[in-house]
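Reading the structure
Here are the chains, one letter per residue:
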Amino acid sequence: MSDSSQTLSALGLGHIVAEKGFKREGLGTFADPAGNRIAFASAQLLRSLRLVLDGERPGLWRTVQKAAGYACGGKIARDLDARLAGEQQPALAALPLEACLGFLEHHFSGHGWGLLTVDLAHAAEHGLVVARLRYSCFAEADPEGSDFADPVVAGMLQGFFEHISGQTLGCEEIACARRGSAQCEFAITAPERLATVLPYLGREPAEKVIARLCA
């Protein structure tokens, strides 16, 4: 059991992540454990979205997808807050950070987006959170592009961490499996700090970008 899962269990919240997954609600419909309707996206759909958006204007796909992910990340956090309130539990912002990470990591794996782990080694001293995603569905669905594959994930992480921290944050992908890295990596910190490393993204390995952010 991971540290975050142990934290959730110790807080009496382990049942939320232990709930069964998607279920068929009726002919042609599925729902998640909370009863929200779910529609599955195929690799073909993800590839087509990129091709159509970038066909309209180069770079549009990244802008639109990151904005969509940002809205989704905030919605995930708000839905969790509503669920916690319904059980007379503290909101995410009042829970230990490990518990919030447990919810987030479970949400990623439960929806098939990949295996997310969050590294807090640089958080206290440098205000930097590093997230790593193995088996990214976006990188695997569209492996042939030359750019980073996961603007949706970057937006989601930004939206979720802004909600639980109450601060304005930025998130950028700093390594991608589509470009040969072992996993996709993301840096979450203040936007003005991220701006200093933008010229190096895709040109330097993730560890060097992280070192720049911690300098």
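Check the entry above for the structure.
A few points on the structure. (Residues numbered from 1 in each chain as written. Predicted model: local features only at pLDDT ≥ 70, side-chain atom pairs only at ≥ 80, totals over all residues. Heavy atoms only, no water.)

With that settled, the discussion passes to the packing of aromatic side chains. Using the criterion set out here, one finds four aromatic pairs in the structure. With a centroid separation of 5.4 Å and 80° between ring planes, the pair formed by F108 and W113 is classed as edge-to-face. The buried category is assigned to F108, whose relative accessible area is 0%. Of the residues examined, W113 reaches a relative accessible area of 18% and is grouped as buried. (Phe/Tyr/Trp six-rings, centres within 6.5 Å; stacked < 30°, edge-to-face > 60°. Buried < 20%, exposed > 50% of the residue type's maximum accessible area, 1.4 Å probe, protein only.)

To continue, consider the sheet that holds strand β5 (residues 129–134). Taken in spatial order, the four strands make up an open sheet running β4-β5-β7-β6, and their pairing is antiparallel. Only two strands of the sheet have a single partner each, and these edge strands are β4 (115–119) and β6 (170–175). Here the average twist between neighbouring strands, direction ignored, is 25°. Bridging between β5 and strand β7 (residues 184–189) involves five bridges; their strand directions are antiparallel. Within the sheet, the bridge partner assigned to V130 lies in β7 and is A187. Across the sheet, helix α5 (residues 97–110) lies against β4 and β5, angled at about 155° from β4, the strand it touches most. (Pairing = 2+ DSSP bridges. Helix = DSSP H or I, 4+ residues; strand = E, 2+ residues; numbered from the N terminus. Axes fitted to C-alpha atoms, helices over the stretch in contact; angles between N-to-C directions. Contact = heavy atoms within 4.5 Å.)

Formed by 56 residues in total, the largest nonpolar core has its most connected members in L92, F103, F108, L157, F160, F161 and F186. Looking at this core, the element that brings in the most residues is helix α8 (residues 151–165), giving eight residues. Beyond its immediate chain neighbours, meaning those up to four positions away, F108 contacts W113, G114, L116, L133, V153, M156 and L157. (Core = buried A, V, L, I, M, F, W, Y, C linked by side-chain atoms within 4.5 Å.)

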